[in-house]
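Read off the chains here:
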Amino acid sequence: MAADKPGAVAGRKGPVLAAGVIGGLAGAALAGHRGARAASVSAAAGAAGLAAAEAVARARQRPGEIPPLWQRIATSAALVAPKAEHAFSLFGLPFLVLHYTMHRKG
């Protein structure tokens, strides 16, 4: 939808709102183990950040184009955030991080 057409801004409200919800859920999931206050602050920050990124991406988008790669990656990361937090709490951080040790030959 071109930015100069009437209703162009109204057509962008849906995706921006959806991105805000996704960002809020991701923020709450990542900070949920720190308490309700931290989860709510993180949810607000995630919602504002992802909604702002979506608004910028949609404003720059031309007719017939898909959203830019950086926005698709940001949204995908936010969608995976609850699963990643579950993996951290289930297996612990050392499970997901490779550890290398070096030994001297004697």
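Read on for an overview of the structure. Keep in mind the model is a prediction, meaning the values are calculated, not measured. (Residues numbered from 1 in each chain as written. Predicted model: local features only at pLDDT ≥ 70, side-chain atom pairs only at ≥ 80, totals over all residues. Heavy atoms only, no water.)

**Focus on the overall build of the protein**
Put simply, the test is: Counting from the N terminus, the helices are DSSP H or I runs at least four residues long and the strands are E runs at least two residues long. Throughout this description, buried means an accessible area under 20% of the type-specific maximum (1.4 Å probe, protein chains only), exposed means over 50%, and partly exposed covers the range between. Should any heavy atoms of two residues lie within 4.5 Å, those residues are considered in contact. Only the protein chains shown count as cover for residues, and the accessible areas themselves come from Shrake-Rupley with a 1.4 Å probe.
The secondary structure content of the protein amounts to four helices and zero strands. When the elements of the protein are put in sequence order from the N terminus, they spell out α-α-α-α. Expressed as a percentage of the 106 residues in the protein, the buried residues total 25%. By sequence separation, contacts in the protein at least 24 residues apart represent 48% of the contacts at least 6 residues apart. Element-wise, carbon and sulfur atoms account for 67% of the exposed surface of the protein, whose accessible area totals about 7,700 Å².

**Some details on the nonpolar core**
Quick reminder of the rule: We call a set of buried Ala, Val, Leu, Ile, Met, Phe, Trp, Tyr and Cys residues a nonpolar core when their side-chain atoms join them within 4.5 Å.
Counting five residues, the largest nonpolar core consists of Ala-19, Ala-26, Leu-50, Ala-78 and Ala-81. Mapped onto this core, the elements with two or more residues apiece are helix 1 (8–31) and helix 3 (69–91). Not counting the four nearest positions on each side in its chain, Ala-78 is found in contact with Ile-22, Ala-26 and Leu-50.

**Remarks on the side chain of Glu-54**
In this structure, Glu-54 sits in helix 2 (residues 36–60). In this structure Glu-54 comes out as buried when scored by relative accessible area, which is 5%. Excluding anything up to four places from it in sequence, Glu-54 contacts Pro-15, Val-16, Ala-19, Gln-71 and Thr-75.

**Description of the side chain of Gln-61**
Let me state the cut-off plainly: Residues adjacent in sequence count toward polar contacts only when both atoms are side-chain atoms; beyond that, a polar contact is any pair of N or O atoms within 3.5 Å, and within protein one must be able to donate a hydrogen and the other to accept it.
Mapped onto the secondary structure, Gln-61 falls in the loop between helix 2 and helix 3. With relative accessibility at 16%, the residue Gln-61 sits in the buried group. Here Arg-58 takes part through its side chain, which lies 3.3 Å from a polar atom of the side chain of Gln-61.

**Comments concerning the environment of Ser-40**
Mapped onto the elements of the fold, Ser-40 is located in helix 2. Overall, the relative accessible area of 43% leaves Ser-40 in the partly exposed class. At a separation of 2.8 Å, a polar atom in the side chain of Ser-40 contacts the main-chain carbonyl oxygen of Arg-37.

**A few points about a nonpolar patch on the surface**
Put simply, the rule is: Each patch is built from residues lacking any salt bridge and having more than 30% relative accessible area; the joining distance is 9 Å for like charges and 5 Å for nonpolar side chains (Val, Leu, Ile, Met, Phe, Trp, Tyr). Salt bridge, as applied in this entry: a Lys or Arg side-chain nitrogen positioned within 4 Å of an Asp or Glu carboxyl oxygen.
Residues Leu-17, Val-21 and Leu-25 make up a contiguous nonpolar surface patch of about 320 Å² in total accessible area. Structurally, Leu-25 can be placed in helix 1.

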